[in-house]
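# A look at the structure
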Amino acid sequence: MFSRYARRKFSDIFVRSACVAATVIALVPLVSVLYYVTSRGIGGINWEFFSELPKPVGEAGGGMANALAGSFKLLFLACVFGIPPGVLAGVYLAEFGDSRFGKLVRFSADVMSGVPSITVGIFVYSLVVLRAKHFSAFAGGVALGVLMLPTVTRTTEELLKLVPESLREAALGLGLPKWRATLRVMLRTAAPGIATGVMLAVARVAGETAPLLFTAFSNPFWSSGLNEPTASLPVIIYNYAVSPYEEWHRQAWAAALVLLLLVLLLNVSARLLVRNRVGVR
Amino acid sequence: MTIGSQSRISKPATRKSARGEGSSGDDSRSRWDEVSVSTLVPKMRTDDLHAYFGQSEVLKGISLQIAEKQVTAVIGPSGCGKSTFVRCLNRMHEVVPGARATGQVLLDKQDIYQGDVDAVRVRRRVGMVFQKPNPFPTMSIRDNVLAGLRLNGERPDDPDAVVEKMLQRVALWDEVKDILGRAGTGLSGGQQQRLCIARSLALEPEVLLMDEPCSALDPIATARVEELIHELRKSYTIVIVTHNMQQAARVANFTAFFYLGKLIEHDRTDVIFTRPKEQRTEDYITGRFG
């Protein structure tokens, strides 16, 4: 009797400590990335970093203002290209997704979310860059937008399905046409959740480098408009990190830290949005 | 097919002028005793209405008249088709995938199932209140009242006046006048249901369908909604589905008893509950089955 109890207690302690150990091991890379990037990058961060253009090799100082602005520009374009079709496709799937075509769309969205980002880069390269015969912010935005699409689509669909059907009935009972009931009531009710999903998608593509290498390319100067090659944080980190210059390495660490904080900020605000939403009952 | 109005041919339809009877239903007992379904002006009428969910036939030929500015209760055991019936009256039935209906539903002599009639228009004239209170969770109390107007793209000249009038009408104004900006879902169940009624009334419908409006409410909230129905019947034609026979007896002038998708009997509520003509009606109201 007692021995059985002792054995049970032992296996409880054993399994529990195994779980704790595994959790700690899983946390090690995360914490060390945070620690390492912060410790190496913090030194390179100053006002100049956010306000100045990169200096030529050999000159000290300079900053990444253009890359920072470029990243925001690219993310903005990604939202423009990715969110409207993504949300509307999600609405389609939630409303008419049981058709054969709907199932096909859902399946392709799932496959698409697994497509390597560099493949998307090549796709946009051949579709946009080769035709225009130059790199551009536009092409970079398209690439990031395509990467966002599947996430936005599936999030929208799932969240619309969570809205109680009784609200649709209420809306239809008030004499709203179906499209209005969907847009003004169903989509409106699911909006905070969808916004969260969109922000997580933005956070994901914010760190993408591969699809930008041959779409937005990079640019040591300010780029104006959408038709010029544009610098972005991930690409500049890549370029600077593989360079032989010590000063550039320091800048790359600082850029990595800024990018990390940006993504962290997006993630945290997405979570806060979920917590504070009036939302679905 | 036994239909209430037909089975009462023996009762002479003496009072053709009984249109205004609704509000004065109680003032003279003798006058009320002479009233029957066929003497009143029908606001709505169904004719051989069949309703289906996919292959299964839920309503098997319902012909029923709904008197104007009266409360008609629809009673019957679960699954008898009473909810489906009222949902056919404003074409909400067809919203469910695979659902369809045949036959005629006349609203002021116009068949609402005719090809060129817009279901959306019908629903604005025939409002609906559901079993579970369903205020819009993203809207304040005030916006919920205005939802029907606003979402339809209308801008009332004086929205505040509309809000006050409608909330007064459902006797909710005094309880919420200081918290109009708060979420409608924060109210109690009974308050939410009255808010939903106000939301329907804001569109100024002619008919109000209530699908078991009190089944999710406690007795006190139920009493308030019933009081409200007493008030509303002065200006609206009301059809109420209820599981609760006492409720039907309390609020309705007329009662229709449904069983297995058929209309068994339709008559004045006092007749149904005191001297029904059909054995099945008597069995049901005396609790022998259902």
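Residues numbered from 1 in each chain as written. Chains lettered and ligands numbered in written order. Predicted model: local features only at pLDDT ≥ 70, side-chain atom pairs only at ≥ 80, totals over all residues.

### A few points about the overall build of chain B
Counted only if it meets this: Secondary structure elements are taken from DSSP: a helix is a run of H or I of four residues or more, a strand is a run of E of two residues or more, and numbering for both begins at the N terminus. Here the C-beta atoms are placed from the backbone, and a residue counts as buried if at least 20 other C-beta atoms lie within 10 Å of its own, exposed if 12 or fewer do, and partly exposed otherwise. The contact criterion used here is simple: two residues whose C-beta atoms, placed from the backbone, lie within 7 Å are in contact.
Along chain B, the regular secondary structure elements total eleven helices and ten strands. Here chain B holds 290 residues, and the buried ones make up 48% of them. The contacts in chain B between residues at least 6 apart in sequence include a share of 68% that link residues at least 24 apart.

### A closer look at the overall build of chain A
In terms of helices and strands, chain A carries eleven helices and zero strands. Going from N to C terminus, chain A has its helices and strands arranged as α-α-α-α-α-α-α-α-α-α-α. Along the three orthogonal principal directions, the C-alpha set of chain A runs to about 70 × 65 × 35 Å. Scored against the burial criterion, the 281 residues of chain A give a buried share of 40%. Summarising the internal contacts of chain A: among those between residues at least 6 apart in sequence, 73% fall at separations of at least 24.

### What about the domain arrangement of chain A?
All names here are of chain A. So the rule is basically this: As used throughout, domain bounds are those supplied by an automatic or database domain assignment.
For chain A, the domain assignment lists domain 1 (2-44) and domain 2 (47-275). Distance from the C-alpha centre of domain 1 to the C-alpha centre of domain 2: 33 Å. The interface is formed by seven residues belonging to domain 1 together with eight residues belonging to domain 2.

### Quick notes on the interface of chain A and chain B
Which entries qualify depends on this criterion: Three residue categories are used. Nonpolar comprises Ala, Val, Leu, Ile, Met, Phe, Trp, Tyr, Cys and Pro, charged comprises Asp, Glu, Lys and Arg, and polar comprises the others, including Gly.
Chain A puts 20 residues into the contact, and the matching count from chain B is 22 residues. Where the side of chain A that touches chain B is concerned, the elements lending two or more residues are α7 (165-173) and α8 (178-206) of chain A. For the side of chain A that touches chain B, the element with the most residues is α7 of chain A, which contributes seven residues. Considering only residue class, the side of chain A that touches chain B consists of ten nonpolar, five polar and five charged.

### Let's talk about helix α6 (residues 137-162) of chain A
The line we're drawing: A helix's residues, less one, multiplied by 1.5 Å, set its expected span.
Here α6 of chain A spans 37 Å end to end across 26 residues, near enough to the 38 Å set by a 1.5 Å rise per residue. Among the 26 residues of α6 of chain A, 23 are classified as buried, and the element is accordingly described as predominantly covered.

### So, the sheet that holds strand β4 (residues 99-107) of chain B
Residue and element names in this part refer to chain B. As a reminder, the rule being used: For two strands to pair, DSSP has to find at least two bridges joining them.
Strand order in the open sheet formed by four strands is β2-β1-β4-β5, and the pairing between neighbours is antiparallel. Each edge of the sheet is formed by a strand with only one pairing partner; in this case those strands are β2 (56-67) and β5 (110-111). Here strand β1 (residues 42-53) pairs with β4 via eight bridges, running antiparallel. Paired with Met44 across the strands is Leu107, a residue of β4.

### Remarks on the packing of helix α3 (residues 65-96) of chain A against α8 of chain A
All names here are of chain A. To keep it simple, the criterion reads: The axes used here are C-alpha line fits, helices contributing only the stretch in contact, and every angle between their N-to-C directions lies in the interval 0 to 180 degrees. To sort the angles, those under 35 degrees are grouped as roughly parallel, those over 145 as roughly antiparallel, those from 65 to 115 as roughly perpendicular, and the leftovers as oblique. In this scheme the crossing of two helices becomes right-handed for a clockwise turn of the near helix relative to the far one and left-handed for an anticlockwise turn of less than a right angle.
Here α3 crosses α8 at 140°, and the two axes come no closer than 10 Å. When the axis of α3 is compared with that of α8, the two are oblique. In this structure, the crossing between α3 and α8 has a hand that is right-handed. Along the contact surface, α3 presents Ser71, Leu75, Ala78, Cys79, Ile83, Val87, Val91 and Glu95, while α8 presents Thr182, Leu187, Ile194, Val198, Val202, Val205 and Ala206. Looking at side-chain class alone, the contact of α3 with α8 contains twelve nonpolar, two polar and one charged residues.

### Examining the environment of Ala241 of chain A
Residue and element names in this part refer to chain A. Among the secondary structure elements, Ala241 is positioned in helix α10 (residues 233-241). Once the C-alpha coordinates of Ala241 and Ser11 are considered, the two residues, 230 residues apart in sequence, prove to be 48 Å apart. Each residue touching Ala241, except ones within four places of it in the same chain, is listed here: His249 and Ala252.

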